[in-house]
Every structure is written in C-alpha cells, then in structure tokens.
Amino acid sequence: MVRGLGYKTLTENSARSALRRVHSRAVNAIALSAELADIHMDTVLASLRKANVSAGAFIYGQDLDVEEAVRWMKAGAVDIVLDPHNEQSIKEAVERTFSFSSRPAAKAETEEEADKSDETFLYRSRVMDTIMTKVRRVAPLKTTVLITGESGTGKDVLARKIHALSGRKGSYFAVNCAAIPETLLEGELFGHERGAFTGADRLREGRFEAARGGTLLLDEIGEIPPATQVKLLRAIEEEQVTRLGGNRPITTDVRLLAATNADLQSRVEEGSFRQDLYFRLKVVEIELPPLRSRRQDIPLLAMSFLRELSDKHGFPMPQLTREALEKLIGYGWPGNVRQLRNMMESVLITSGSRIDVEDLPPEVAGAASADAGTLRLDLPVTAAEAEERLIAKTLELVDGNRTRAAELLGIGRRTLQRKLKP
C-alpha cells in the first residue's frame, strides 16, 4: 500500500533486523506492526530514541487499546493507525511521519525537558500537526516568537517545547507580567544595583541576565505598562540591558518568547500597546487553537492525564468508558486543556476503578456527542449561544483553519476573530 503511494520501501520481518537496518542506513519513515514477535514495542521505541534516529515512526494494528496507544505516542510514535486496511489512514500517517524526519535531533532535549514538553502535546489533529511542524522549524532559530491563544490552551508548555528543541544550553525562565506590580516589573526583567532604591541592599540580576544562553518567556505580555514597553523594545533590539540604578550596559544572550490571550492588535489600535514592540515580538506568531477546535486530541489527552495523575496520587489506572469519553469529546471546554486536566484529577479522586458518565460533572455529562457535521441545539437557546456553537463546530470541521471557517460561515476572517475573542 505504501509503495503504491509512490514511496520506495524496505521491509524486514523482525524488529531486530529492522533496527539494524534503520541504524545502518538513511530511512525517512518507519512503519511498525503492533504485533512484533521478537521485541516489545516499548523497547523498540526506546531504542530508536536512544540511537537518535531522525526518522519518525508510526504503528499500525487492529483492536489496539487507547491506553496502549497513549503510552506508545509518549514513547515517540508519531501516529497510531487502527485500521491498516484503510488507504487514506495509511497515507495520512506516512505523510505525517515524513514531516517528523526533518526535526531537530532529539539529543537537544534533556530528559527533564522532554518530560515537561512532550506529555501535554500529545495530539492527532491536523491543526496541531501543522503547529508542531512550525515549532520544529522555528525552534533552533533565535527568532522572537509570539504565542497567542485562549487561557488554558498550553502557551507556557509550548514555550517549554520550543526551548527543549532549540538546542540552547541555558535555562528556561518564565515571567508572568500580569502577576508582578508595575513598580517591581522593571527590576524583575532588567535587575538592579545595590542601593538603587530603598530596600535594595544587594545587586540583583534580572531575568534577561539570568536566562543567558537560554530562553525567556514573557507571559501575559499585553499587561506590560507603557514605560516598561519602551525599555523592553530597546533591550530586544540592542541585546543589552541596564540595571536599575546602573549606567553600564550589559550584553544579553537570550531567546525571547512572548505569550498572551489578549488581542494585541486591538490594543495597538487603542494606543495601550506600542506598535513597534508588537511588530518586534510578532516576527513569528503561533496561535494555539482552543480545545473545542481539536476534539480529535481529547481522548489522548484525557488518557494521558489519567495515567499521570494516577501515578501522582498512587491510584491504580481507572477504566474510562466509551460513553464517558464521548461526553468529554462533545463538551465545549471553555477552560481548554487546563480545565480538562483539572477535571480528570477531580474525577480520578472521587470515582473508583471505572469512570462512567455519572462520574463526570453535570455540565460535561450533559454534553451532546460531537458527531462530525452535526450541530445540536437544546432549545431554548440565545442567538449568541447558537452562533458560538456554530462557529465552534465549523472550526472543528476544518481542523481550526480560521480562513476556511470564515469562508464556510460567509463572514470575513477579521469578523470571525472578533467573535472568537474571550
């Protein structure tokens, strides 16, 4: 089937011979049968990762367990094909796996960084596939990246992923600009000299200095006050900072990332955010879609969180029924991935060895199944609520492509963006 798609193929009938073949010559993609006879799949995936093989691998097989699929994807599999006789599924898996063959070497990540960055970004949706392809392309560069998206979509986790793939040797730092008072933010970013102000009894490095050789995320960048915006722009363009109370410029070496759930373009138009800083931050923009626009990822995320939280609390891994899973897929998740994780922890603690519909919160248990192409409305419903659900369903159908969704809805892309603002 793969050869019929126009690819040159090599075949081996055992995992050991396949590993020898992969290690001895250039291979772009690996298709692994789930029924390996000689070596356990976990061992095969671990071997590929340890050897730093640049090719991606996907697994095919029938009657696979969702929990098993989650474990394999955490271990490095690019995709899981549940119906190996479906040519379209195979075609998509091969194309997706080829896109991984050009990724930066895995050795650029430490084990700790890989644990932090890979787990939450389990995905099967095309929209996330496109985003992660962009992430792999931009990660090794020093380009400034602006990460946008609703609250709870995982902007900090994506920033950690960019750092993990960057190959930079320094540490990762994150500053929540909204959580630090205006009077203290400048010192937090740029540092201060001893005696710079009352209480400054010692010299203190700012985050730009502390992150030398590494990555600095400025979260909630839209909340930075105007006076600090000017100094931030100068620090980015000159790659130098001056501590409060000092007069000596200090050269910096930091990869800057910024994140926000605000509409910075609107703030620029209002005059509360500098246009030159906005354009300097937005060299590359990565927009994380809400969870309702990537429902294909919900089963993997839910099972991943259950496994992680079961280990954390010392509970046996519970069974998640198909009916409960359908409710999770059908729910709108206004709090996105963060809400899903918190809810899975709550359900894990309060349920037993089996999680069914009645164990879910009422708002989730009452969610309609998310059948493709079908929009269900329980009347009465306001026009605004109906419009919100219609937009969410359309985005789901086009894998989060806002341009395509706007076309289907018969509205402009700017109009759609305005309606999606939280």
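Residues numbered from 1 in each chain as written. Predicted model: local features only at pLDDT ≥ 70, side-chain atom pairs only at ≥ 80, totals over all residues. Heavy atoms only, no water.

K.L.:
Would you mind going over the confidence of the model for the protein with me for this structure?
P.N.:
One rule of thumb: low pLDDT means the predicted coordinates there are not for detailed reading. Residues at a pLDDT of 70 or more form 88% of the protein, whose mean pLDDT is 83. Across the protein, the element-wise mean pLDDT spans from 39 in helix α5 (residues 111-118) up to 97 in strand β4 (residues 145-148). Taken together, the stretch residues 102-120 has pLDDT below 50 and engages in 39 contacts with residues farther than four places along the chain or on a different chain. (pLDDT = per-residue confidence, 0-100. Helix = DSSP H or I, 4+ residues; strand = E, 2+ residues; numbered from the N terminus. Contact = heavy atoms within 4.5 Å.)

K.L.:
Where do I start with the side chain of Glu 188 in this structure?
P.N.:
Assignment of secondary structure puts Glu 188 in helix α8 (residues 182-190). With relative accessibility at 16%, the residue Glu 188 sits in the buried group. (Buried < 20%, exposed > 50% of the residue type's maximum accessible area, 1.4 Å probe, protein only.)

K.L.:
Looking at this structure, how should I read the nonpolar core?
P.N.:
The nonpolar side chains of soluble globular proteins are, as a tendency, buried together. Formed by 48 residues in total, the largest nonpolar core has its most connected members in Ile 59, Trp 72, Leu 320, Leu 328, Trp 333, Met 344 and Leu 360. The leading source of residues in this core is helix α13 (residues 298-313), at eight residues. Grouped together as the second largest cluster of nonpolar side chains are 27 residues, Ile 224, Ile 250, Leu 264 and Phe 273 included. (Core = buried A, V, L, I, M, F, W, Y, C linked by side-chain atoms within 4.5 Å.)

K.L.:
How should I be thinking about the sheet that holds strand β5 (residues 172-176) in this particular structure?
P.N.:
Each strand in a sheet pairs with its neighbour through backbone hydrogen bonds, running either in the same direction (parallel) or in the opposite one (antiparallel). As summarised here, the arrangement of the five strands in space is β5-β8-β11-β4-β12, forming an open sheet in which the pairing is parallel. Taken across any chain shown, the strands that pair with only one partner, and hence form the sheet edges, are β5 and β12 (284-287). Direction aside, the axes of adjacent strands within the sheet are offset by 20° on average. Where β4 and strand β11 (residues 254-260) come together, four bridges link them in parallel fashion. Paired with Ile 147 across the two strands is Ala 259, which belongs to β11. (Pairing = 2+ DSSP bridges. Axes fitted to C-alpha atoms, helices over the stretch in contact; angles between N-to-C directions.)

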